[in-house]
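Notes for the structure review
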Amino acid sequence: MRKSKSNPPDPRDDLLPGELPPLGAGREKRGKRRRHPKAIYRVIAVLLCCAAALLIWMNREALKPQNLLEWVQTQFVGMGIGDGYPASLNGESVKPANFCSVDRDLYLTSDTTILCMNDTAKTLFSRMHNFADPVMRVNGSRVLVYNRGGTGFRVENQLRTLVSGEAEGTIYCGDVASNGRYALVTTAGGYCGQLTAYLSDNTVAFRYWFSDDYPTAIALSPDGTKAAVAAVGASEGTLESVLYVLDFNSDAAVSPIAAYPDTYFSALAFDGSNLLAVGDTQAVALSADGTERGRYDYAGQSLQTYTFDGGKAVLALGDFQNATNSTLVHLDANASPTASATLPGEIADVSCFGDAMAALAGGTISTYSCSSGTALGTADAGGDARAIALRTEGEAYVLGVSEVRRVPIS
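Basis of the calculations
- Residues numbered from 1 in each chain as written.
- Predicted model: local features only at pLDDT ≥ 70, side-chain atom pairs only at ≥ 80, totals over all residues.
- Heavy atoms only, no water.
- Helix = DSSP H or I, 4+ residues; strand = E, 2+ residues; numbered from the N terminus.
- Buried < 20%, exposed > 50% of the residue type's maximum accessible area, 1.4 Å probe, protein only.
- Contact = heavy atoms within 4.5 Å.
- Areas by Shrake-Rupley, 256 points an atom, 1.4 Å probe, with all protein chains shown as cover.
- Salt bridge = Lys/Arg side-chain N within 4 Å of Asp/Glu carboxyl O.
- Pairing = 2+ DSSP bridges.
- Axes fitted to C-alpha atoms, helices over the stretch in contact; angles between N-to-C directions.
- pLDDT = per-residue confidence, 0-100.

1. Here we look at the overall build of the protein chain
- Within the protein chain one finds three helices and 32 strands.
- Within the protein chain, the proportion of its 410 residues that are buried is 45%.
- Considering only contacts in the protein chain between residues 6 or more positions apart, those separated by 24 or more positions represent 40%.
- Accessible area of the protein chain: about 21,400 Å², with a carbon and sulfur share of 52%.

Right, dumping it as structure tokens:
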């Protein structure tokens, strides 16, 4: 006959009125009540696996074997220490638009050379070109340099020249995605312009001909499968800019998504779903279907210079008739101002990093918070300073007439 097991005595049964149980009494029962069903752990494990799979899928381009190998090789290239800044330009001329900092490295294209240096002025790559009017676009590890008004173009990374070719027509503008896909907008016989999109291996992926308007600016989506294009034409005798969104995987008919009279758009930022267009009289934010999300009117001020901060922008504005003061403005993705500051004189260049926006005016760098407009610091850039590129919120690369410098900002 099987004996029944009796429960162990509970030490609380012998307590006198008002007496507390000993430490640990009833711990076994309380511990049992706290146990979670195994199903909860299974659900958590499944959710973690799904999140990991989604992360891998979103970064599938970067995780390809050739891209991983490139990343490893690039790390070796970036090792080592240079001679430090200032670094001489050896008599070469660099336009401010061809001077920028990406991942704290410095990229510049002179009238003869495409150059990248790290924060110690070590040369990561230096390659000659023969373009009369070079324009540089940098995205991640990819550098597109094209000859504006000519036909030559190149795509570079730190390891080698990936593409070197001649476009089918004279190049108006171009852009490159971080995965190596790129697009060029050129002239085309019988049309106002032609867009040609290429895969990273230089294979043509898409073509589009503009029949009514002349293209002025292009921005690729992050994966290089779409493009936003600004074009200019005439409507009822007045200048009018139109905006297009082109899907390289679609054969559907394309029409402008929006039109703006008396505006010339010179630059675009595009994330695949939303775009921010910067023009000579206003900046406009739209969804890819043409829904306007906001606009910022310059109220009669002229656009001196600008830079993009991801899908946001920093603008330098000045009065046509009064150059005494200039305005620095940070716009969010809806073209709404989040911060502004007034500076004396004309702003020669602007830059952005993190929460800091910087302006170069009168040989001085002034930084402000992008979110509040609070002054963060200043630095002497030198009387020959022509352009700036923030390396961090507290340090900038400065383009001088004959050299490049690193300047702390405090």
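2. Some words on the pattern of salt bridges
- The final tally for this structure, using the stated rule, is 12 salt bridges.
- A salt bridge links Asp133 to Arg148; its shortest N-O distance comes to 3.3 Å. With Asp133 in the loop between strand 5 (123-128) and strand 6 (134-139) and Arg148 in the loop between strand 7 (142-147) and strand 8 (152-156), this residue pair connects regions lying 15 residues apart in the sequence.
- For Asp133, a relative accessible area of 19% translates into the label buried.
- As a salt-bridge pair, Arg137 and Asp175 come within 3.3 Å of each other at their nearest N and O atoms. With Arg137 in strand 6 and Asp175 in strand 10 (residues 171-176), this pair connects stretches of sequence that are 38 residues apart.
- Linked by salt bridges that have partners in common, Asp119, Arg391, Glu395 and Arg406 make up one network.

3. Focus: the sheet that holds strand 28 (residues 364-369)
- In spatial order, the strands read 26-27-28-29; together these four strands make up an open sheet with antiparallel pairing. At either end of the open sheet lies a strand with only one pairing partner, and these are strand 26 (347-353) and strand 29 (375-380). Taken over all neighbouring pairs, the strand axes of this sheet differ in orientation by 20° on average, direction set aside.

4. Some words on the confidence of the model for the protein chain
- Per-residue confidence for the protein chain gives a mean pLDDT of 88, with 83% of residues at or over 70.
- Contacts for the low-pLDDT stretch residues 27-31, under 50 throughout, to residues beyond four places or in other chains number one contact.

5. What to know about the environment of Leu144
- With respect to the secondary-structure elements, Leu144 resides in strand 7.
- For Leu144, a relative accessible area of 0% puts it in the buried group.
- It is 9.1 Å that separates the C-alpha atoms of Leu144 and Gly180, two residues lying 36 residues apart in sequence.
- When sequence neighbours within four positions are dropped, the list of residues in contact with Leu144 reads Val135, Met136, Arg137, Arg154, Val155, Gly174, Asp175, Val176, Ala183 and Leu184.

6. Structural notes on the pairing of strand 10
- When you tally the buried positions in strand 10, you get five out of six residues, the bulk of the element.
- With five bridges connecting them, strand 10 and strand 11 (residues 182-188) associate as antiparallel partners. Note that in strand 11 the partner of Cys173 across the bridge is Val185.
- Between the end of strand 10 and the start of strand 11, which pair antiparallel, lie five residues, with Gly180 showing a positive phi angle near 95°.

7. Observations concerning unusual backbone geometry
- In this model, Tyr85 is joined to Pro86 through a cis peptide bond whose omega is 10°.
- One can find Pro86 in the loop between helix 3 (65-78) and strand 1 (87-88).
- Located in the positive-phi region is Asp103, a residue other than glycine, with phi close to 50°.
- Among the secondary structure elements, Asp103 is positioned in the loop between strand 2 (94-102) and strand 3 (105-110).
- Taking the relative accessible area as the measure of exposure, Asp103 reaches 67% and is therefore exposed.
- Positive phi outside glycine occurs at Arg104, with the angle close to 70°.
- Here Arg104 is to be found in the loop between strand 2 and strand 3.
- Classification of Arg104 as partly exposed rests on a relative accessible area of 41%.

8. Considering the pairing of strand 28
- Strand 28 sits mainly inside the fold: five of its six residues count as buried.
- With six bridges joining them, strand 27 (residues 356-361) and strand 28 adopt antiparallel strand pairing. When the sheet's bridge partners are listed, Ala358 is paired in strand 28 with Thr367.
- Hairpin connection of strand 27 to strand 28: two residues between the antiparallel strands, including Gly362 at a positive phi of 60°.
- As judged from the five bridges shared by strand 28 and strand 29, these two strands associate in the antiparallel manner. The residue bridging Tyr368 from the neighbouring strand is Ala375, located in strand 29.

9. Re the side chain of Arg391
- Within the element layout of this structure, Arg391 appears in strand 30 (residues 387-392).
- Given a relative accessible area of 11%, Arg391 falls into the buried group.

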